[in-house]
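Per-entry structural report
For reference, the chains in residue letters:
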Amino acid sequence: TNYTQTIVLPVHGVLIAEGVFLQRAPLKNQFDKIIYLSVPECVRLNRVLQRDTYIGTAQQIIEKYENRYLTKHHPEQTADFLIQD
């Protein structure tokens, strides 16, 4: 599914985009700055388990999240700013 939407910002406007997979190529290079909000692992995994139920079992969800995102993209290390809980 294509989720294309045009947004017109004022000249000095700011757009904040939120999403767990925004740090992956080719999206990452579309942002001027990336801020990563680090939360405890138990909170993060609970959110993933609630959100991604379509994937399968809890173990399958966690493996996909860790393999596709954390291991491959290293969001905490590659963000411009890191905010820890």
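Coordinates for the structure precede this section.
First, a word on scope: everything that follows refers to the structure included in this document. (Residues numbered from 1 in each chain as written. Predicted model: local features only at pLDDT ≥ 70, side-chain atom pairs only at ≥ 80, totals over all residues. Heavy atoms only, no water.)

Observations regarding the overall build of the protein
For clarity, the cut-off: Here a helix means four or more residues in a row that DSSP labels H or I, a strand means two or more in a row labelled E, and each is numbered from the N terminus. Classification of residues uses two cut-offs on accessible area relative to the type maximum, computed with a 1.4 Å probe and protein chains only: under 20% is buried, over 50% is exposed, and between them is partly exposed. Residue contacts are defined here by distance: any two heavy atoms, one from each residue, within 4.5 Å place the two residues in contact. Residues scored as charged are limited to Lys and Arg (positive) and Asp and Glu (negative), so that His and the chain ends carry no count. To locate a charge, take NZ of a lysine, CZ of an arginine, CG of an aspartate or CD of a glutamate.
Summing up its helical and strand segments, the protein has three helices and two strands in all. Each helix (α) and strand (β) of the protein, taken in turn from the N terminus, gives the series β-α-α-α-β. With the principal axes as the frame, the protein shows a C-alpha extent of 45 × 30 × 20 Å. For the protein, the residues scored as buried account for 18% of the 85 residues in total. Long-range contacts, defined here as pairs at least 24 residues apart, represent 58% of the contacts in the protein between residues at least 6 apart. Distance from the positive charge centre (9 side chains) to the negative charge centre (9 side chains) of the protein: 6 Å.

A look at the nonpolar core
Across soluble globular proteins, you tend to see nonpolar side chains buried next to one another. Worth spelling out the cut-off: In this text, buried Ala, Val, Leu, Ile, Met, Phe, Trp, Tyr and Cys residues form a nonpolar core when linked through side-chain atoms within 4.5 Å.
With nine residues, the main nonpolar core is built from Ile 34, Tyr 36, Leu 45, Val 48, Ile 61, Ile 62, Tyr 65, Tyr 69 and Ala 79. Of all the elements in the fold, those that place two or more residues in this core are helix 1 (41–51) and helix 2 (58–73). For this core, the element with the highest residue contribution is helix 2, accounting for four residues.

Regarding the pattern of salt bridges
Opposite charge on two side chains makes pairing possible when the charged atoms of those side chains draw close. What counts here: Salt bridge, as applied in this entry: a Lys or Arg side-chain nitrogen positioned within 4 Å of an Asp or Glu carboxyl oxygen.
Applying the stated criterion across every chain yields a total of one salt bridge. The closest approach of N and O atoms between Asp 52 and Arg 51, which form a salt bridge, is 2.8 Å. When its relative accessible area of 7% is taken as the criterion, Asp 52 is described as buried. The class of Arg 51 is partly exposed, set by a relative accessible area of 40%.

Regarding the environment of Arg 44
What counts here: In protein, a polar contact means a hydrogen-donor-capable atom and an acceptor-capable atom, both N or O and within 3.5 Å, with residues adjacent in sequence counting only if both atoms are side-chain atoms; elsewhere, any N or O pair within 3.5 Å suffices.
Summarising the element assignment, Arg 44 is placed in helix 1. Relative accessible area serves as the criterion here: at 14%, Arg 44 is assigned to the buried category. Polar side-chain contacts of Arg 44 include one of 3.4 Å to the backbone oxygen of Val 39.

Notes on the packing of helix 1 against helix 2
Threshold: In this analysis an axis means a line fitted to C-alpha atoms, helices contributing only their contacting stretch, and an angle means the value between N-to-C directions, from 0 to 180 degrees. In these notes the angle categories are as follows: under 35 degrees is roughly parallel, over 145 is roughly antiparallel, 65 to 115 is roughly perpendicular, and the rest is oblique. For a crossing to be left-handed, the near helix must be turned anticlockwise from the far one by less than a right angle; the clockwise case is right-handed. Residue classes follow a fixed rule: Ala, Val, Leu, Ile, Met, Phe, Trp, Tyr, Cys and Pro count as nonpolar, while Asp, Glu, Lys and Arg count as charged, and any other residue, Gly among them, counts as polar.
Direction vectors running N to C along helix 1 and helix 2 enclose 115°, while the axes themselves pass 10 Å from each other. Here helix 2 runs roughly perpendicular to helix 1, going by the angle between their axes. Crossing of helix 1 against helix 2: the hand is right-handed. The residues of helix 2 that touch helix 1, namely those facing Glu 41, Arg 44, Leu 45, Val 48, Leu 49 and Arg 51, are Ala 58, Ile 61, Ile 62, Tyr 65, Glu 66 and Leu 70. The residue makeup of the contact of helix 1 with helix 2, split by class, is eight nonpolar, no polar and four charged.

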